[in-house]
Amino acid sequence: MSTNSQVPNSSRVVVVTGAAQGIGRAYVKEFCAQGYRVAALDINAKAVNQVAAEASGHGGHCLPFEVDVGDEASVASACHKLLEQLGSADILVNNAAIFSTLKMRPFEEIPLDEWTKVLHVNITGTLLMVKALLPSMRQRKWGRIINVSSAAVTMGRPHYLHYTTSKAAVIGMTRSMARELGVSGITVNALLPGAIDTEISRETVTPAQKQAQIDMRSVPREATPQDLTGVVSFLASEASGFVTGQSLIVDGGLTFL
Ligand SMILES: NC(=O)c1ccc[n+]([C@@H]2O[C@H](COP(=O)([O-])OP(=O)(O)OC[C@H]3O[C@@H](n4cnc5c(N)ncnc54)[C@H](O)[C@@H]3O)[C@@H](O)[C@H]2O)c1
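Residues numbered from 1 in each chain as written. Predicted model: local features only at pLDDT ≥ 70, side-chain atom pairs only at ≥ 80, totals over all residues. Heavy atoms only, no water.

Where an unreviewed UniProt entry is consulted, the chain appears under the name 3-oxoacyl-[acyl-carrier protein] reductase, with the organism given as Pusillimonas noertemannii. Annotation of the chain in UniProt includes, under Sequence similarities (unreviewed entry), the sentence "Belongs to the short-chain dehydrogenases/reductases (SDR) family." (UniProt positions renumbered as here; feature names shortened; annotations may be inferred.)

Shown next, in the form of structure tokens:
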């Protein structure tokens, strides 16, 4: 059954940023499996080409585009190309972020240039993608914007202050965008995932911290990207049309809003 009762998924174009690996790659595969046409965007051109080839190889319709979401000209160029090749942009999953490459350290030791870069890519990158694709959504009087934040914000997790600050900003941005865009038939929601294992190793959760989080979850088990794909599918669908400006925590009931 289509997640969209009135319009077939094949007539909607989903744009996923940060699609070359990890959770973004899982979104691409899920949207392709559901029959959407997908634009997979990432700064890592080689890896995103591979993801798109894999997704298309399994019968999906996926095109790769290289983009630096923090660079306005790069965003304009990638979005121009994807609109030319796919015709519209109906659903945007703002998933790209500087995340798995981060080193954990007390905030007073974070170099200012790293602080600035994380805020720029994670906050301004989100804004630039919305700005570039908004005309297409407004034209069709329909759109779904899903901004990826993090449950690290609700937990107040230490040692990557630039990251938690950037993801808190994404929640504020989401609420104000929702106010401005609802009249145009466009919803904007924030997704706050808890710690999720992907194929990429990272320093942001130590094995001890991971186990402690699992123990504190209401659903006490490990999380996978598949724990997010159903929630994102709902936020992308017709069914979520009266849900906007919300922060949806998907962390197995570790924290509550
Ligand atoms: N994995 C988790 O536990 C977790 C938890 C909460 C939130 N999140 C969020 O979910 C999203 C995906 O997480 P992940 O674990 O797959 O992260 P990841 O670091 O593995 O992947 C991030 C992707 O974004 C791309 N990217 C980085 N900078 C970019 C730029 N300037 N332009 C375009 N692409 C760029 C990277 O190349 C990479 O493919 C991120 O927004 C992250 O903050 C992840």
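Colleague: Hey, could you run me through the pairing of strand E2 (residues 37-42) in this one?
Modeller: For a regular strand, side-chain orientation follows a simple rule: the groups alternate between the two sheet faces. Counting buried positions along E2 gives five out of six residues, so the element sits mostly inside the fold. Relative to E2, strand E1 (residues 13-17) runs parallel, the two sharing five bridges. When the sheet's bridge partners are listed, Val 15 is paired in E2 with Ala 39. Remark: the E1/helix H1 (residues 22-33)/E2 crossover connection has right-handed handedness. Pairing geometry for E2 and strand E3 (residues 61-66), over six bridges, is parallel. When the sheet's bridge partners are listed, Asp 42 is paired in E3 with Glu 66. For the segment spanning E2, helix H2 (residues 45-57) and E3, crossover handedness is right-handed. (Buried < 20%, exposed > 50% of the residue type's maximum accessible area, 1.4 Å probe, protein only. Helix = DSSP H or I, 4+ residues; strand = E, 2+ residues; numbered from the N terminus. Pairing = 2+ DSSP bridges. Right-handed = clockwise from strand over helix to strand, strands pointing away.)

Colleague: Help me out: how do you make sense of the site of the ligand in this one?
Modeller: Around the ligand, a shell composed of 26 residues is seen, among which Gln 21, Asp 42, Ser 100, Tyr 163 and Ile 196 lie nearest. Within the side chain of Ser 100, one N or O atom sits 2.6 Å away from an oxygen atom of the ligand. Measuring from an oxygen atom of the ligand, one finds a side-chain N or O atom of Arg 202 at 2.8 Å. Its free accessible area being 830 Å², the ligand has 94% of it covered by the protein chains. Going through the elements one at a time, H1 and helix H6 (161-181) are the ones with two or more residues in the shell around the ligand. Class assignment for the residues of the shell around the ligand results in 14 nonpolar, eight polar and four charged. (Near = heavy atom within 4 Å. Polar contact = N/O pair within 3.5 Å; in protein donor to acceptor, adjacent residues only side chain to side chain. Areas by Shrake-Rupley, 256 points an atom, 1.4 Å probe, with all protein chains shown as cover. Nonpolar A, V, L, I, M, F, W, Y, C, P; charged D, E, K, R; others polar.)

Colleague: Please explain the pattern of salt bridges as it appears in this structure.
Modeller: Between side chains of opposite charge, a pair can form when the charged atoms approach closely. A full pass over the atoms with the stated rule returns eight salt bridges. By sharing partners, the salt bridges in this structure join Asp 197, Lys 210 and Glu 222 into a single network. (Salt bridge = Lys/Arg side-chain N within 4 Å of Asp/Glu carboxyl O.)

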